[in-house]
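What the coordinates show
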Amino acid sequence: MIRIPRNYWIAAAVALAVVLWMLSGLLRDGGAGPGSDGREANRAADAFRVEVAGIEAERIQRHIVAQGQVKPERAATLSARTGGQVEAVLVESGQPVRQGEVLVRLAMDDHEAKLAEARAVLRQREREHEAAQRLGRSGLQSEVRQDEAAAALASARAALERIELDIAHTRIVAPFDGIVDRITVDVGDYAGVQGTIGTIVDNSPLIAEAWLSQRHFNAVRRGGDARVTLVSGETRPGRIKTIAPRAEESSRTFRVEVEIDNPDGIPANTSAEIVIPTGMVAAHRLSPALLELDDAGRLGLKVVADDGRVVFVAVEIVRAEAEGVWVTGLPERTLVITAGGGFVSPGQRVDYAEAGTSG
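Bear in mind the structure is a predicted one, so any value in this text is a computation, not a measurement. (Residues numbered from 1 in each chain as written. Predicted model: local features only at pLDDT ≥ 70, side-chain atom pairs only at ≥ 80, totals over all residues. Heavy atoms only, no water.)

This part covers the overall build of the protein. Scanning the protein for helices and strands turns up 4 helices and 20 strands. Out of the 359 residues belonging to the protein, those deemed buried represent 34%. Of all intrachain contacts in the protein linking residues separated by at least 6 positions in sequence, the fraction that spans at least 24 positions is 74%. As displayed, the protein offers around 22,100 Å² of accessible surface, 50% of which is attributable to carbon and sulfur atoms. (Helix = DSSP H or I, 4+ residues; strand = E, 2+ residues; numbered from the N terminus. Buried < 20%, exposed > 50% of the residue type's maximum accessible area, 1.4 Å probe, protein only. Contact = heavy atoms within 4.5 Å. Areas by Shrake-Rupley, 256 points an atom, 1.4 Å probe, with all protein chains shown as cover.)

Below is the structure:
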């Protein structure tokens, strides 16, 4: 008689137990095999439970938001057009001035003497020209001599105009109504030709400047409305004054300027937010915490479709507020997963309960 090792008996007993356990499962499921209604029923019973909120679209104003700065309507650098020593500084930084008002005066030096000399030479040339004309009419003066007298007279007049212009340039005046930004010279300094004297700005109105993406070019128009929020938090209405005809090659953005009133003298070169309305659109408001990126890098969120399956829907943010963000791309009414979304994947069937109708 062949003796069977004890460990063989143990292995056979374990195999028999496994077979009996599998048969008992088939009998309990009524003989249903893989893919049967019984297995589907179990799978439905094991569906992950999530919480959803029903949100509906609303009509809102779509707009472009850009960060920029406010700059003066005009700004000018004042420079000397004739050399001379600074004799008087008549204004100071921050002072409002009118067009043509004298800001700095240079010393006349020998300009008065040159003026007197130029006037005397002019009178002499005028007399010589008159004499040459009389003699010419009498036939006692050649045409060449008459032409020489006329040329000498024109040269004397030009010399007088030059010295008069030099004298006028000893007074540095405001080119327009504005505010003195700074004066860079003091009494006793020497101002050379083209030397900087100071700067003046016109802050009324102010110009809010921003750079927009090239995809927004067709959404803005010259003369359109805009809103500018200043660094102080104050918001003022404005009008689009300038749209650059071409984009910058490096950034592919184009410049937009918005004109705003400035009756209380807000300083230029401060930060600002420019908001440009571009029309009405249907959008949903929801918490930004619900937004996520899919494997393709698209921004969107998970919703529950009519068949109870999870769907990822790509969206676009059209407005951000303290209460939430407004997005487009969703159906008119949507069941957005508000809790448990991190544990489910698109295509997965879920069991859900609607918590409310607020986004």
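Here the narrative resumes.
On to unusual backbone geometry. Looking along the chain, the bond that leaves Ser204 and enters Pro205 is cis, with omega of 5°. If you trace the backbone, Pro205 turns up in strand S9 (residues 196-213). Despite not being glycine, Gln194 has its phi angle at roughly 70°, a positive value. Mapped onto the elements of the fold, Gln194 is located in the loop between strand S8 (190-191) and S9.

The next point concerns the sheet that holds strand S6 (residues 171-173). Read across the open sheet, the 4 strands follow the order S6-S5-S3-S8; overall the sheet is antiparallel. The open sheet has two edge strands, S6 and S8, and neither has a second partner. Bridge analysis of strand S3 (residues 84-89) against S8 gives 2 bridges, and the strand direction is antiparallel. Note on S8: the bridge partner recorded for Gln85 is Tyr190. (Pairing = 2+ DSSP bridges.)

What follows deals with the confidence of the model for the protein. Chain-level pLDDT for the protein is 84 on average; 86% of the residues reach the 70-or-more range. Per-residue pLDDT stays below 50 along residues 25-44; that stretch engages in 2 contacts with residues further than four places along the chain or on separate chains. (pLDDT = per-residue confidence, 0-100.)

Before going further, it helps to spend a moment on the nonpolar core. With 22 residues, the main nonpolar core has Leu212, Val228, Val258 and Ile276 as its most contacted residues. Mapped by element, the contributors of at least two residues to this core are strand S2 (58-79), S9, strand S10 (225-230), strand S12 (253-260) and strand S13 (270-286). Sequence-distant contacts of Ile276, that is, excluding residues within four places in its chain, are made with Arg62, His63, Ile64, Leu212, Val220, Asp225, Ala226, Ile240 and Val256. (Core = buried A, V, L, I, M, F, W, Y, C linked by side-chain atoms within 4.5 Å.)

Let us now look at the side chain of Thr328. Position of Thr328 among the secondary structure elements: in strand S18 (residues 324-328). For Thr328, a relative accessible area of 12% puts it in the buried group.

With that settled, the discussion passes to the packing of helix H3 (residues 111-137) against helix H4 (residues 143-168). The N-to-C vectors of H3 and H4 enclose an angle of 160°; their axes lie 8 Å apart at closest approach. Judged on the interaxial angle alone, H4 and H3 are roughly antiparallel. Along this stretch, H3 crosses H4, giving a crossing that reads as left-handed. Along the lines of polarity and charge, the residues of the contact of H3 with H4 split into 14 nonpolar, 5 polar and 8 charged. (Axes fitted to C-alpha atoms, helices over the stretch in contact; angles between N-to-C directions. Parallel < 35°, antiparallel > 145°, perpendicular 65-115°, else oblique. Left-handed = near helix turned anticlockwise from the far one by under 90°. Nonpolar A, V, L, I, M, F, W, Y, C, P; charged D, E, K, R; others polar.)

This part is about the environment of Arg105. Counting through the fold element by element, Arg105 comes out in strand S5 (residues 102-106). For the pair formed by Arg105 and Gln85, sequence separation is 20 residues and the distance between their alpha carbons is 8.8 Å.

Right, let's talk about the environment of Leu301 for a bit. Structurally, Leu301 is set in strand S15 (residues 299-304). Classification of Leu301 as buried rests on a relative accessible area of 1%. For Leu301 and Ala314, which are 13 residues apart along the polypeptide, the C-alpha to C-alpha distance reads 6.8 Å. The contacts of Leu301, once residues within four sequence positions are left out, are Leu286, Leu290, Leu291, Val311, Phe312, Val313, Val315, Leu330 and Val336.

The tally for this structure, following the rule as stated, stands at 2 aromatic pairs. On the numbers, 4.9 Å between centres and 75° between planes, the contact of Phe217 with Phe254 is edge-to-face. Within this pair, whereas Phe217 is found in the loop between S9 and S10, its partner Phe254 is found in strand S12, the two being separated by 37 residues in sequence. Here the basic side chain of Arg74 rests over the ring of Phe176, its NZ or CZ set 4.4 Å away from the ring centre. (Phe/Tyr/Trp six-rings, centres within 6.5 Å; stacked < 30°, edge-to-face > 60°. Lys NZ or Arg CZ within 6 Å of the ring centre and 35° of its normal.)

With that settled, consider the pattern of salt bridges. Considering all chains together, one arrives at 22 salt bridges under this definition. Between Glu87 and Arg105 there is a salt bridge; the shortest N-O distance is 3.0 Å. Remark: Arg105 occurs in strand S5 and Glu87 occurs in strand S3; sequence separation between them is 18 residues. The class for Arg105 is partly exposed, based on a relative accessible area of 31%. For Glu234, the salt bridge goes to Arg236, with nearest N and O atoms at 2.9 Å. Each member of the salt-bridge network shares a partner with another, and the members are Lys71, Glu209, Arg255 and Glu257. (Salt bridge = Lys/Arg side-chain N within 4 Å of Asp/Glu carboxyl O.)

With that settled, consider H3. Helix length check: H3 (27 residues) gives 39 Å between terminal C-alpha atoms against 39 Å at 1.5 Å per residue, within 8%. Along H3, the residues classified as buried are His111, Leu115, Ala118, Leu122, His129 and Ala132. In the core, the buried residues of H3 are packed alongside H4. Looking one or two places after H3, you find Gly139, whose phi comes out positive at around 80°. (Expected span 1.5 Å × (residues − 1).)

This part covers the pairing of S3. As paired elements, S3 and S5 share 3 bridges and run antiparallel to each other. The residue bridging Val89 from the neighbouring strand is Val104, located in S5.

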